[in-house]
Structure formats: C-alpha cells, structure tokens
Amino acid sequence: MSVQKLPSVSASADLTVFVSRDASGDLRTAVRERLRKLDGVTNVDEFELCGLQPGLNDLTVEVRATLVVELDVDAGEGATARRDAAALETQLLDSFGVKRVSVLSEVRDVRDA
C-alpha cells in the first residue's frame, strides 16, 4: 500500500507534551524542539506556554501552538477523508512525547507560493 503526502495543513492546537529535564537551552527552546519533532510537523509558527507540571525525569508542559503539518494518508483512504481535525489529532498523538492534543481551529491547506 502506497503512502501519499497531502499538501501541508496549518492548525492551532492545545497540546500536552513531555520535555526532558536534561534538554538543552531554556524551557521555550526545549518545547519548540519537541514540537518540531512531532510526526509530520514542518514548522512551528507560534506557541504559548500555558502550564507546567514537574516530574521526576521530565516536565509535562501544556502549550497552545500553531503548527504546519504534513498529514500522512494511505492511498486507499482518500485524501479528503483525512483532512480534518480528528486526523491531525490522531497523527500528533502518535508522536513520541505527546500526552494530549486538541485541535482548536479549522485545519486549512497551506499552499507553497
């Protein structure tokens, strides 16, 4: 089964991510790097730290972010069927270090100019 890439999409989302206490730089830098490593994320347009819960080995960080993401699509499912908030939430939740995702805005296509 072949995998196709949809055009990139942009959406705002509330996320809860885990950040290592040993991460280099400050908390904002560590959160930005965690967001950049999420499956399919090609850009972090902006983000706001909304909460922090210290743990033994990591920090649980609540963040509101606007992300540009390439959605993975199985060719058999149909491209338009996966272009929604639920698909984006599922893809981001499958990423390492993510505890919770809630897409807040409409998922919109981002066209290369």
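What counts and how
- Residues numbered from 1 in each chain as written.
- Predicted model: local features only at pLDDT ≥ 70, side-chain atom pairs only at ≥ 80, totals over all residues.
- Heavy atoms only, no water.
- Helix = DSSP H or I, 4+ residues; strand = E, 2+ residues; numbered from the N terminus.
- Buried < 20%, exposed > 50% of the residue type's maximum accessible area, 1.4 Å probe, protein only.
- Core = buried A, V, L, I, M, F, W, Y, C linked by side-chain atoms within 4.5 Å.
- Contact = heavy atoms within 4.5 Å.
- Phe/Tyr/Trp six-rings, centres within 6.5 Å; stacked < 30°, edge-to-face > 60°.
- Lys NZ or Arg CZ within 6 Å of the ring centre and 35° of its normal.
- Arc of directions from axis to C-beta.
- Salt bridge = Lys/Arg side-chain N within 4 Å of Asp/Glu carboxyl O.

Visitor: I'd love a proper account of the overall build of the protein, names of residues and values included.
Guide: Helix and strand counts for the protein stand at 2 helices and 7 strands. Listed N to C, the secondary structure of the protein is β-β-α-β-β-β-α-β-β in terms of helices and strands. The burial tally for the protein puts 35% of its 113 residues in the buried class.

Visitor: So what about the nonpolar core? Which residues, and what values?
Guide: Ranked by internal contacts, the top residues of the largest apolar core, which has 26 residues, are Leu15, Leu35, Leu67, Leu88 and Leu92. Elements that contribute at least two residues to this core include exactly β2 (9-20), α1 (27-36), β3 (41-54), β4 (58-69), α2 (85-93) and β6 (98-103). When near neighbours in sequence (up to four residues on either side) are disregarded, Leu88 contacts Ala11, Val69, Leu71, Val103 and Val107.

Visitor: Before we move on, can you summarise the packing of aromatic side chains with the specific residues and values?
Guide: Counting across every chain of the model gives 0 aromatic pairs. The ring of Phe47 has Arg28 sitting right over it, with the charged end atom 4.3 Å from the ring centre.

Visitor: I'd like to hear about α2, residue by residue, with values.
Guide: Along α2, the positions that sit buried rather than exposed are Ala87, Leu88, Gln91 and Leu92. The buried residues of α2 occupy an angular sector of 130° when projected down its axis, which confines them to one face.

Visitor: Hey, could you go over the pattern of salt bridges for me, with residue numbers and the actual values?
Guide: Close approach of charged atoms allows side chains with opposite charge to pair. Going through the model one piece at a time under the given rule, you end up with 2 salt bridges. A salt bridge links Asp14 to Arg64, with the shortest nitrogen-to-oxygen separation between them at 2.6 Å. With Asp14 in strand β2 and Arg64 in strand β4, the pair connects residues that are 50 residues apart, well separated along the chain. On the basis of relative accessibility, which here comes to 15%, the residue Asp14 falls in the buried class. Between Glu33 and Arg36 there is a salt bridge, with the nearest N and O atoms lying 2.9 Å from each other. With a gap of 3 residues between them, Glu33 and Arg36 both fall in helix α1, about one helical turn apart. Classification of Glu33 by relative accessible area gives partly exposed; the value is 34%. Of the residues examined, Arg36 reaches a relative accessible area of 44% and is grouped as partly exposed.

Visitor: Report on the side chain of Ser8, specifying residues and quantitative values.
Guide: Residue placement: Ser8 occurs in the loop between β1 (3-5) and β2. Residues within four places of Ser8 in sequence aside, it is in contact with Thr42, Val68, Val69, Glu70, Arg108, Asp109 and Val110.

Visitor: Talk me through α1; I want residue IDs and the actual numbers.
Guide: When α1 is considered as a whole, its buried residues turn out to be Ala30, Val31, Arg34 and Leu35. Angularly, the buried residues of α1 cover 135° about the axis, an arc narrow enough to put them on a single face. Lining the buried residues of α1 we find β2, β3 and β4.

Interpretation in functional terms is not warranted from these geometric data alone.
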